[in-house]
Amino acid sequence: MSGLETAIRHALERPDRANSETRARIYQSARNALEAGLRKQDVHDPDVIAKQRHRLEAIIHAIEVEERAALKAASVAPAVRMDAGRRDDRAPSAELDDGLHLPPERSAGVADSPVADGGLAGLRPDRREASRAPEAAAVEPVSGKRAKVVPPKPRRRKRGSLLSFVMVVTTLVAAFGTAAWWVQTSGLLKSAAERDTSVANPPSTVQSEDFDGAEGLKTLGSEQGFSGDWVEVFKPADAANVTAGSRASADPVSDENGQRLRITSATAEADGNVLIEIPASVLGQISGKTSTVALSVQSDAGKQTQFSVECDFSSLGDCGRHRFTVNEEKSDMLFNVTFDRSLAPSAPGHILINSDVTGAGNSLSLFAVRILPGQ
């Protein structure tokens, strides 16, 4: 018998050798002692190490088979035999399986080597953690009586209680959050006026498209009626003061809707602009001030058009570019102009109108152009 086998059998001479966990610890101690002996003797050859490991596993397998056979033969009492049968039916532990399932080709023909026999002189089973209880029920022998089976104590599941508490708290928080969101979005806390979501029909609105004009330009809403402070700088009778581009036309019209200037632009470029002359005396009134320009316009029946307005006020400069949307209802489109220069220009200026910024050729009826000088 080799020293390796002798050390394992000596370690198995314990009262609790019937416990599979105890035997598994002894086998594992033998494996650890083999590895320590190989390292101590400075063995690094993979073939030698593999043979020694295979030899140890073959010895462990043979000893375990003998131990199990001895346990079955020693079982005399019916109660003890039933308990032992239940232990044998259960799958061995992970540590014991590691030594029992050996491939046939590896367990055959294992050669002895004097490398590891001397390294198992102090073989002792490793101790496990005290908190790890054996899975099988403990058998307490009693002299002259049948063995007394002691069932294992049930483990307390503190983790399940903690998870249940966390889930309850999470559910309550989600419920309160949903209720708060519903109160906020439903308008329950709003007054009757705030909950009224009806939209009144607004007056005609304007859209602006400002480019490099003077700073501070902004679009105003339409205004009903004009006071005597407004200066009328254009009316349909002043068609002689109107200049049309090469791809634009400006025709005076007089019908049941009144006198007006019908402007038609075939392109959105500068060739489609119509120039309305502004006298130099009016430019002198708006220099160094913020003034308001108003255009009374109307589109053709059943149509809507987007037109643009630009300014060329001689030495005062320009007013940027503004774009408005108008329909067949007569409207007054207003916008502000601000000029910091106080020097009155000596030459007249112009207002440039393009009847259709989309280039579709829609027409625009111009009834009047008025300016309200600033104070």
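Within each chain, residues carry numbers counting from 1 in the order of the written sequence. For this predicted model, a pLDDT threshold of at least 70 governs which residues receive local features, and a threshold of 80 or more governs which side-chain atom pairs are given and counted, while totals over whole chains, interfaces and linings are taken from all residues. Excluding hydrogens and water, the side-chain values take into account all heavy atoms of the structure.

Peer 1: Honestly, the environment of Ala-70 in this entry has me stumped. Any pointers?
Peer 2: Secondary structure follows DSSP: runs of H or I at least 4 residues long count as helices, runs of E at least 2 residues long count as strands, and numbering of each begins at the N terminus. Structurally, Ala-70 is set in helix α3 (residues 46-74). When a residue's accessible area, from a 1.4 Å probe over protein chains only, is under 20% of the maximum for its type it is buried; when over 50% it is exposed; and in between it is partly exposed. Of the residues examined, Ala-70 reaches a relative accessible area of 43% and is grouped as partly exposed. Sequence separation between Ala-70 and Ala-18 is 52 residues, and the spatial gap between their C-alpha atoms is 9.3 Å.

Peer 1: I would appreciate a short explanation of the packing of helix α1 (residues 3-11) against α3 in the present structure.
Peer 2: A pair of packed helices is characterised by two quantities: the angle between their axes and the separation of those axes. Following both chains from N to C, one finds α1 and α3 inclined at 40 degrees, their axes separated by 10 Å at the closest point. It follows that α1 is oblique to α3 by the angle criterion. With respect to the hand of their crossing, α1 and α3 are arranged in right-handed fashion. Contact with α1, carried on its side by Leu-4, Glu-5, Ile-8 and Arg-9, involves Leu-56, Ile-59, Ile-60, Ile-63 and Glu-66 of α3 and no other residues of that element. Within the contact of α1 with α3, the residues separate by chemical class into six nonpolar, no polar and three charged. All axes here are fitted lines through C-alpha atoms, helices being fitted over the stretch that makes contact, and every angle between N-to-C directions spans 0 to 180 degrees. What sets the label is the angle itself: under 35 degrees gives roughly parallel, over 145 gives roughly antiparallel, 65 to 115 gives roughly perpendicular, and the rest give oblique. Each crossing is labelled by how the near helix is turned from the far one, with a counterclockwise turn of less than a right angle marking it left-handed and a clockwise turn marking it right-handed. We call two residues in contact when some of their heavy atoms are within 4.5 Å. Throughout, the ten residues Ala, Val, Leu, Ile, Met, Phe, Trp, Tyr, Cys and Pro are labelled nonpolar, Asp, Glu, Lys and Arg are labelled charged, and all others, Gly among them, are labelled polar.

Peer 1: Whenever I open this one, unusual backbone geometry confuses me. Can you help?
Peer 2: As a rule of thumb, non-glycine residues mostly have phi less than zero, and peptide bonds are mostly trans rather than cis. Positive phi, close to 60 degrees, is recorded for Asp-42, a residue that is not glycine. Owing to a relative accessible area of 52%, Asp-42 belongs among the exposed residues under this scheme.

Peer 1: I'm lost on the side chain of Arg-260 in this one. Help?
Peer 2: With respect to the element layout, Arg-260 can be found in strand β7 (residues 258-265). We define a polar contact as two N or O atoms separated by no more than 3.5 Å, with the added condition that, inside protein, one atom must be a possible hydrogen donor and the other a possible acceptor, whereas residues neighbouring each other in sequence contribute only through side-chain atom pairs. At 3.4 Å, the side chain of Arg-260 and the backbone oxygen of Gly-258 are in polar contact. Ignoring any residue separated from it by four or fewer positions in sequence, one finds Arg-260 in contact with Pro-236, Asp-251, Pro-252, Val-253, Asp-255, Ser-365, Leu-366 and Phe-367.

Peer 1: So what exactly am I meant to see when it comes to the pairing of strand β10 (residues 305-312) here?
Peer 2: Put simply, side chains in a regular strand alternate between the two faces of the sheet. By this definition, two strands are paired if DSSP reports at least two bridges between them. Here β10 pairs with strand β11 (residues 321-326) via six bridges, running antiparallel. The residue of β11 that forms the bridge with Ser-308 is Arg-323. Pairing between β10 and strand β13 (residues 349-354): five bridges, direction antiparallel. Across the sheet, residue Val-309 finds its bridge partner in β13, namely Ile-353.

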